[in-house]
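Each chain, letter by letter, is given below.
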Amino acid sequence: MSTDVTAKTPAGAPPGKSGSAADDGLLKLMLEGMRRNMRQYGMLIALGLIVALFAVWTNGDLILPRNVSNLVLQNSYILILAIGMMLVIIAGHIDLSVGSLTAFVGSIAAVLMVNHDMAWPLAVVLCLVLGAAAGAMQGFFIAYLGIPSFIVTLAGMLLFRGLTEIFLKGQTLGPFPDGLQKVSNGFLPEVGPNTNYHNLTLLLGFGLIAFVVIQEVRDRRRQQEFSLDVPPVKLFLLKLVALIAALLTVTMLLASYKGAPVVLLILGVLVVGFGYVMRNVVIGRHVYAIGGNLPAAKLSGVKDKKVTFLVFLNMGMMAALAGLVFAARFNAASPKAGLNFELEAIAASFIGGASMSGGVGTVLGAIIGGLVLGVLNNGMNLVGVGTDWQQVIKGLVLLAAVGFDVWNKRKVGS
C-alpha cells in the first residue's frame, strides 16, 4: 500500500517549498501584527533611532553617564506635566494653563519658604493643595458649566501668569532650602560594598526590569483571555528583549555615575501609579470612555462631569509638582518660569500617541514623547544647532507624529 506524500503539499506550490511558504506566512503575520501595533511601537523605534543618530553625531557624548543623568534632571518637570496632560487629552480636552500654573506655584513656594521661613515639607503640601484647587476651579467651569476647556485654560494661563508677577513683584526670589533642592537635583544615597557602581540604582534597575517583564506577560495573557488581538510570539519576544536592553543600558549608565536621581524615582512612581489606574481602575476606563465616545459613555452610566472635574484637578496637582521641581532645580522662583511648558507637554502627549479626537493614549506614551523632545533638545545643543533651527525641527517632529496618527487610523479603518 503506497502513501501519497504529495497531498501534503499545497496545490500549485512547487515540491519542497512548503517550509518557505510557512516562513512567508509567519513573516506576513509579524508584519500585520506590527502594523496593528504601530501606534504603540512607532515612537519607541523613533526614540531609539534618534538616540543612535545623536550618539554617533556627538561622538558618544549623548550617552555619557553624566549626560544621561542631566537629561533626566533637565526634562523631569516636562515629563511630570506630560503625564497629566495625557489624561486631559485622552478625556477629549486641552489645558493651556499648566505653564503659568507651574510658575505660580513656584512663586507661592518661594514666598512661603524664603519670605516666611516655612518648613519646606509643609510648604510642599500646601503648594500641591493649591495646584489641586486651581485645577478643580478650572474643572468646575469646564465640567459643570460647559465652557470649552480651550477658553477656560486660556483664561487660566493669563490669570496665573499675572498672579505670579504680583506675588514676585517682577523679581526673582530664592534660594530654596537644601532639602527641597535635593529632591530636584539630588541622587539616591550610596549603600552596600564598593562595586564601582551605585548599588541601590542597580537593585532598583533590576527590580524594574523584572516588573516590566512580569507586567508584559500578564497583560498578554489577559488580552488572550478576552480573545483580543495580541502580537505574534516572536514580535512579543522581540519587544521584551528591546525593553530589557534599553532598561539595562540606562541602569548601568546611571549606576556608573552618581546613581539614579531622586526625581527619577518620583517619575517612576507616577508612571507605575497612573499606568495602573488607567489600565485597571474604573476611573481610568471612564476617562477613555468619555474621550472616545461621550454620548455612548453617558448612556452607559459614566458620570462624565465628575470624571472631567477629576482629570483637571489631577492636572493642577501635577502642574504644582512640576512647579516645585522646576523652582528647586534652579534654586529660585522667576516671573518668566514655565514659558511654553504647556506646549512642550502637549507636544509630548501627541508625539507619544495621543489622538486629537481623544480616547487614545497611554501614560508610558507620554513619557516616550517627552523623552523624544528631551533627546532632540539635548542632542541639538551638543552639536551646536541654533535655537531657531531647534524650533523648526521640533515643529516638524510634532507635525510628523500627528500626521502619522491620522495616516495610521485611516489604514486601520480601511
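Residues numbered from 1 in each chain as written. Predicted model: local features only at pLDDT ≥ 70, side-chain atom pairs only at ≥ 80, totals over all residues. Heavy atoms only, no water.

- The name an unreviewed UniProt entry assigns to the protein is Xylose transport system permease protein XylH, from the organism Streptomyces sporangiiformans.
- Quoted verbatim from the Subcellular location (unreviewed entry) field of the UniProt record, the comment on the protein reads "Cell membrane".
- As stated in UniProt under Function (unreviewed entry), the record for the protein gives "Part of the binding-protein-dependent transport system for D-xylose. Probably responsible for the translocation of the substrate across the membrane." (UniProt positions renumbered as here; feature names shortened; annotations may be inferred.)

**Structural notes on the packing of helix α3 (residues 65-90) against helix α10 (residues 262-280)**
Link 1 in the chain: Interhelical geometry of α3 versus α10 gives an angle of 15 degrees and a closest axis separation of 10 Å. In terms of axis orientation, α3 runs roughly parallel to α10. Between α3 and α10 the crossing geometry is left-handed. Across the interface between the two elements, Val 72, Leu 73, Ser 76, Leu 79, Ile 80, Ile 83, Leu 87 and Ile 90 from α3 touch Val 263, Leu 264, Leu 267, Leu 270, Val 271, Phe 274 and Met 278 from α10.
Link 2 in the chain: For the contact of α3 with α10, a count of residues per class yields 14 nonpolar, one polar and no charged. (Axes fitted to C-alpha atoms, helices over the stretch in contact; angles between N-to-C directions. Helix = DSSP H or I, 4+ residues; strand = E, 2+ residues; numbered from the N terminus. Parallel < 35°, antiparallel > 145°, perpendicular 65-115°, else oblique. Left-handed = near helix turned anticlockwise from the far one by under 90°. Contact = heavy atoms within 4.5 Å. Nonpolar A, V, L, I, M, F, W, Y, C, P; charged D, E, K, R; others polar.)

**Thoughts on the pattern of salt bridges**
Link 1 in the chain: For the structure on display, the rule yields three salt bridges.
Link 2 in the chain: For Asp 219, the salt bridge goes to Arg 222, with nearest N and O atoms at 3.0 Å. Of this pair, Asp 219 and Arg 222 both sit in helix α8 (residues 199-225), separated by three residues, roughly a single helical turn.
Link 3 in the chain: A relative accessible area of 17% places Asp 219 in the buried class.
Link 4 in the chain: Since its relative accessible area comes to 32%, Arg 222 is described here as partly exposed.
Link 5 in the chain: For Lys 394, the salt bridge goes to Glu 344, with nearest N and O atoms at 3.2 Å. Taken together, the positions of Lys 394 in helix α16 (residues 387-413) and Glu 344 in helix α14 (residues 341-351) put the pair 50 residues apart, joining distant regions of the chain. (Salt bridge = Lys/Arg side-chain N within 4 Å of Asp/Glu carboxyl O. Buried < 20%, exposed > 50% of the residue type's maximum accessible area, 1.4 Å probe, protein only.)

**Points about the side chain of Thr 58**
Link 1 in the chain: Residue placement: Thr 58 occurs in the loop between α2 (38-57) and α3.
Link 2 in the chain: Taking the relative accessible area as the measure of exposure, Thr 58 reaches 6% and is therefore buried.
Link 3 in the chain: If we ignore the near neighbours within four places in the chain, the residues touching Thr 58 are Gly 379, Leu 382 and Val 383.

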